[in-house]
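Fold and geometry: a report
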Amino acid sequence: MSVDHKAMHKPVSNVVSNPLHNPPHNTMHRTALSLHNLTVTFAAKSSNASYTAVKDTTLDIADGEFVSVVGPTGCGKSTLLNIAAGLLRASSGEVTVLGEPLSGINTRAGYMFQAESLMPWRSARDNVMAGLQFRGMARTDAIKRAEEWLERVGLAGFGAHYPHQLSGGMRKRVALAQMLILDPKIMLMDEPFSALDVQTRQLMENELLALWETDKKSVLFITHDLEEAISLSDRVIVLSAGPATHPIGEFIIDLPRPRDVAEIRMTPRFLELHEQIWSAMKQEVLKGYQQTRNKLVA
Ligand SMILES: Nc1ncnc2c1ncn2[C@@H]1O[C@H](COP(=O)(O)OP(=O)(O)O)[C@@H](O)[C@H]1O
Ligand SMILES: [Mg+2]
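Residues numbered from 1 in each chain as written. Chains lettered and ligands numbered in written order. Predicted model: local features only at pLDDT ≥ 70, side-chain atom pairs only at ≥ 80, totals over all residues.

**Remarks on the overall build of the chain**
Tallying secondary structure elements over the chain gives 9 helices and 10 strands in all. Counting across all 298 residues of the chain, residues that qualify as buried make up 40%. (Helix = DSSP H or I, 4+ residues; strand = E, 2+ residues; numbered from the N terminus. Buried ≥ 20, exposed ≤ 12 C-beta atoms within 10 Å, placed from the backbone.)

**Notes on the site of ligand 1**
Residues in close proximity to ligand 1 include F42, Y51, A53, G71, T73, G74, C75, G76, K77, S78, T79 and G242, which together make up its full environment. Counting residues per element, the ones that place at least two in the shell around ligand 1 are β2 (50-62) and α2 (77-85). Per-element tally for the shell around ligand 1: the top contributor is α2, with 3 residues. For the shell around ligand 1, the residue count by class is 4 nonpolar, 7 polar and 1 charged. (Near = placed C-beta within 6 Å. Nonpolar A, V, L, I, M, F, W, Y, C, P; charged D, E, K, R; others polar.)

**Overview of the confidence of the model for the chain**
Any residue range with low pLDDT should be treated as having predicted coordinates unsuitable for detailed reading. The share of residues in the chain with pLDDT of 70 or more is 90%, and the mean pLDDT across the chain is 89. Counted against residues more than four places away or in other chains, residues 1-28, with its pLDDT under 50, gives 34 contacts. (pLDDT = per-residue confidence, 0-100. Contact = placed C-beta atoms within 7 Å.)

**Section: the sheet that holds strand β1 (residues 31-43)**
Pairing is antiparallel across the open sheet formed by 4 strands, whose spatial order is β2-β1-β4-β5. Sheet topology places β2 and β5 (100-101) at the edges, where each strand pairs with a single neighbour. Pairing analysis gives 9 bridges linking β1 to β2, with the strands arranged antiparallel. Its bridge partner lying in β2, L38 is registered against T57. With respect to the sheet, α2 is in contact with β1, β2 and β4 (92-97), its orientation differing from that of β1 by roughly 120°. (Pairing = 2+ DSSP bridges. Axes fitted to C-alpha atoms, helices over the stretch in contact; angles between N-to-C directions.)

**Observations regarding the nonpolar core**
Core analysis: the biggest nonpolar cluster contains 74 residues, and A84, L188 and L220 have the highest contact counts within it. Of all the elements, helix α5 (residues 168-180) adds the most residues to this core, at 6 residues. The residues touching L188, leaving out its near neighbours within four places in the chain, are L81, A84, A85, A109, Y111 and L220. (Core = buried A, V, L, I, M, F, W, Y, C linked by C-beta atoms within 7 Å.)

**Some points on the sheet that holds strand β3 (residues 66-70)**
Taken together, the 6 strands give an open sheet; going across it, the order is β6-β7-β8-β3-β9-β10, and neighbouring strands pair in mixed fashion. A strand with exactly one partner marks an edge of an open sheet, and here the two such strands are β6 (109-112) and β10 (247-252). Averaged over all neighbouring strand pairs, the angle between strand axes comes to 15°, with direction disregarded. The pairing of β6 with strand β7 (residues 186-190) spans 4 bridges and is parallel. Bridging across to β7, M112 finds its partner in M189. In the packing of α5 onto the sheet, the strands contacted are β6 and β7, and the crossing angle to β6 comes to about 165°.

**Structural notes on the packing of helix α3 (residues 124-134) against helix α4 (residues 139-152)**
At a closest axis distance of 9 Å, the pairing of α3 and α4 adopts a crossing angle of 125°. Classified by the angle between their axes, α3 and α4 sit oblique to one another. Both α3 and α4 take part in a crossing whose hand is right-handed. Side by side, α3 and α4 meet where A124, R125, V128, M129, L132 and Q133 of the first sit next to A142, I143, R145, A146, E147, W149 and L150 of the second. Partitioned by chemical class, the residues of the contact of α3 with α4 number 9 nonpolar, 1 polar and 3 charged. (Parallel < 35°, antiparallel > 145°, perpendicular 65-115°, else oblique. Left-handed = near helix turned anticlockwise from the far one by under 90°.)

Below, the structure written as structure tokens:
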């Protein structure tokens, strides 16, 4: 099959006036998550000044689609994810989850953040089953499900261990099981593996893909790491540097699946995509870096 790669991503310019919410491949699918025309302005604590972190941003994630959002540090990635999670309200714009407008916490989604989120006083098993218990499931049933999930994430036999007795990678596996046991339709992940060493990180990325392939959920994956974004995703959205962050490019990742994230990075198509996306991102990363530096100097 010959593919016209040039036709597969939209031009980098003019994205905002030609919003990203209806890419051609989405027409076959239902939209799982839709962020429409979001603007987020934070008020400064000490003065009347305000900071518009995100402006006029639209992005849609189809049923079963794995979408990554990349952008320089401080551009507004976590802000977008927090809005999708219902933890933060946009100043204007709408969020739709499985066709319903979102108000309050997004209960159809599971979250995984960069920071450790396990409860240190609970064993791995008790951490994994916590959500089921909060939902009122009987303890014996919850234990059974938790054991099954520990096995699925490669932690059979570790249920009685406490978080401090597990490695960083193992704790991330527990967090994955904790999220997936609730069977969310949507997974919201904010740089979940960035604290891990490279090898562990790649193992976790492969683990995540394997779990995702068996039970295709819609994923919004936030990262500042372009290689991670390409190797995992069906689509990569590039954000501008702040203020008034907005998407400046969208790229379909037509790499075959199943993927091994370490191996896929050595393929010519990966390198080609990396070059295209990096050329869209480079200026923004430099701008973002300069802003962070100025803040530090000021
Ligand atoms: N609650 C807040 N109040 C004021 N400014 C905020 C708040 N949250 C985030 N910001 C600012 O909004 C911008 C985007 O932040 P964030 O979404 O965390 O960036 P990223 O996740 O891309 O690194 C940053 O300049 C940050 O300082
Ligand atoms: Mg962030």
